[in-house]
Amino acid sequence: MKYERKIIGVEKRLGFMYVPSKAQELLPDVSGAINVVLNGKPKQLNYNVDYNRIFGLTEWYRKQGIDVESIVSVKIENGKVAISYENDVTQASKLIRAKKTLDLSGLTSVEKGDIVEDRIKELILLYGQGLLSVYKPVVDKEGIDIIVNKAGTFKVLFIQVKSRFNAVEQGKLILTIKMQPAHYSYYIVAAAFNPETLELEDNLLLIPSSSVIADGIKLSSGKYRIMASLKPDSNDKWQKYFIHKNELASKLIEQLEEISKYLQ
């Protein structure tokens with residue numbers, strides 16, 4: 001299997017590379033060391049199956065001059081991984097081609113959801129600066145995608161992550177949410193993924209479950225509909241729940257501290 005990957009900011013900063021779902025099937029199903037060939041040179045790196053990432057690329061990224069939006073070529077065959085990078089004029093032409101031809105229609109809704117969940121987990125871990133831990137339920141039957149715990153406590157928040165890949169084009173986040181009963185520790189985080197930048201838009205929705213049930217539109221199926229404008233000058237009822245994505249961790253910490261005041 002061959003494919004090309006455009007490196008994103010968090011991969012460059014932390015020295016890893018995300019492995020897409022179709023390629024994961026060709027790699028070991030347990031975490032551990034794998035043999036990787038980097039521009040023709042063999043090296044042993046670590047592969048984490050929980051996060052679907054190959055770690056240990058910091059030095060290689062630096063030596064090759066790889067930066068955000070650089071495109072690397074990946075080949076996986078018979079369990080062996082080969083990663084290469086061309087840092088010349090060919091790289092520029094690849095980037096132009098990728099921007100013009102990148103087609104995400106082949107991704108399933110589950111795969112798209114997994115991508116955004118991973119980005120949300122990264123935001124919480126990075127900006128939580130060691131104060132927050134993130135867990136993923138073994139079984140996804142109750143609409144809980146991630147569980148957030150503050151270090152040194154047993155107080156947790158239950159987060160359902162919703163995402164839309166066409167929200168930027170439409171100018172609004174249209175969400176259909178299967179809700180559990182409202183609870184002070186249960187929140188919805190919703191993000192717009194931009195297919196052109198391959199990043200989350202700057203603003204996220206962070207909505208208490210009670211507000212979804214109180215202000216959302218209840219459908220005949222029992223689910224709830226939210227329609228939140230992405231326009232900064234909008235005055236719809238969901239605007240007060242928008243936060244900058246870099247603030248997500250601090251907002252969750254605030255809520256966990258508030259819970260700790262009343263629960264011992």
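Look a little higher up for the structure.
One structure accompanies this document, and this report is about it. (Residues numbered from 1 in each chain as written. Predicted model: local features only at pLDDT ≥ 70, side-chain atom pairs only at ≥ 80, totals over all residues. Heavy atoms only, no water.)

1. Comments concerning the overall build of the protein
Right, so step 1: A tally of regular secondary structure across the protein gives 8 helices and 17 strands.
Right, so step 2: Taking 264 residues into account, the globule formula puts the C-alpha radius of gyration at 18 Å, and the protein, at 20 Å, falls close to it.
Right, so step 3: Dimensions of the protein, computed from the C-alpha atoms along their principal axes, are close to 60 × 40 × 30 Å.
Right, so step 4: Out of the 264 residues in the protein, the part that is buried amounts to 43%.
Right, so step 5: Look at the contacts in the protein between residues 6 or more apart in sequence, and 58% of them connect residues 24 or more apart. (Helix = DSSP H or I, 4+ residues; strand = E, 2+ residues; numbered from the N terminus. Rg over C-alpha atoms; globule rule 2.2 N^0.38 Å. Buried < 20%, exposed > 50% of the residue type's maximum accessible area, 1.4 Å probe, protein only. Contact = heavy atoms within 4.5 Å.)

2. Some details on helix α5 (residues 109–128)
Right, so step 1: Compared with the 28 Å implied by 1.5 Å per residue over 20 residues, the 28 Å span of α5 between its first and last C-alpha is a close match.
Right, so step 2: Count one or two residues on from α5 and you reach Q129, which has phi positive near 50°. (Expected span 1.5 Å × (residues − 1).)

3. Here we look at the pairing of strand β6 (residues 71–77)
Right, so step 1: The buried fraction of β6 is high, at 5 of 7 residues.
Right, so step 2: The pairing of strand β1 (residues 2–6) with β6 spans 5 bridges and is classified as antiparallel. Looking at the pairing, E4 lines up with S73 of β6.
Right, so step 3: Sheet topology note: the β6/strand β7 (residues 80–84) ladder contains 5 bridges and is antiparallel. Across the sheet, I76 pairs through a bridge with V81, a residue of β7.
Right, so step 4: Counting the residues in the hairpin turn of β6 and β7 gives 2 residues, including N78, whose phi is positive at 55°. (Pairing = 2+ DSSP bridges.)

4. A word on the pairing of β7
Right, so step 1: Burial along β7 is one-sided: the residues V81 and I83 are buried and none of K80, A82 and S84 is.
Right, so step 2: When strand β3 (residues 32–38) meets β7, the two strands line up parallel, connected through 3 bridges. Opposite V36, over in β7, you have V81 as the bridge partner.

5. A short note on the packing of aromatic side chains
Right, so step 1: Counted by the stated rule, this structure contains 4 aromatic pairs.
Right, so step 2: On the numbers, 5.6 Å between centres and 45° between planes, the contact of F16 with F55 is tilted. Of the two residues, F16 sits in strand β2 (residues 16–18) while F55 sits in strand β5 (residues 53–55), which places them 39 residues apart along the sequence.
Right, so step 3: The partly exposed category is assigned to F55, whose relative accessible area is 28%.
Right, so step 4: Over the aromatic face of F16 sits the side chain of R53, whose NZ or CZ is 4.3 Å from the ring centroid. (Phe/Tyr/Trp six-rings, centres within 6.5 Å; stacked < 30°, edge-to-face > 60°. Lys NZ or Arg CZ within 6 Å of the ring centre and 35° of its normal.)

This is a description of form; function is not addressed.
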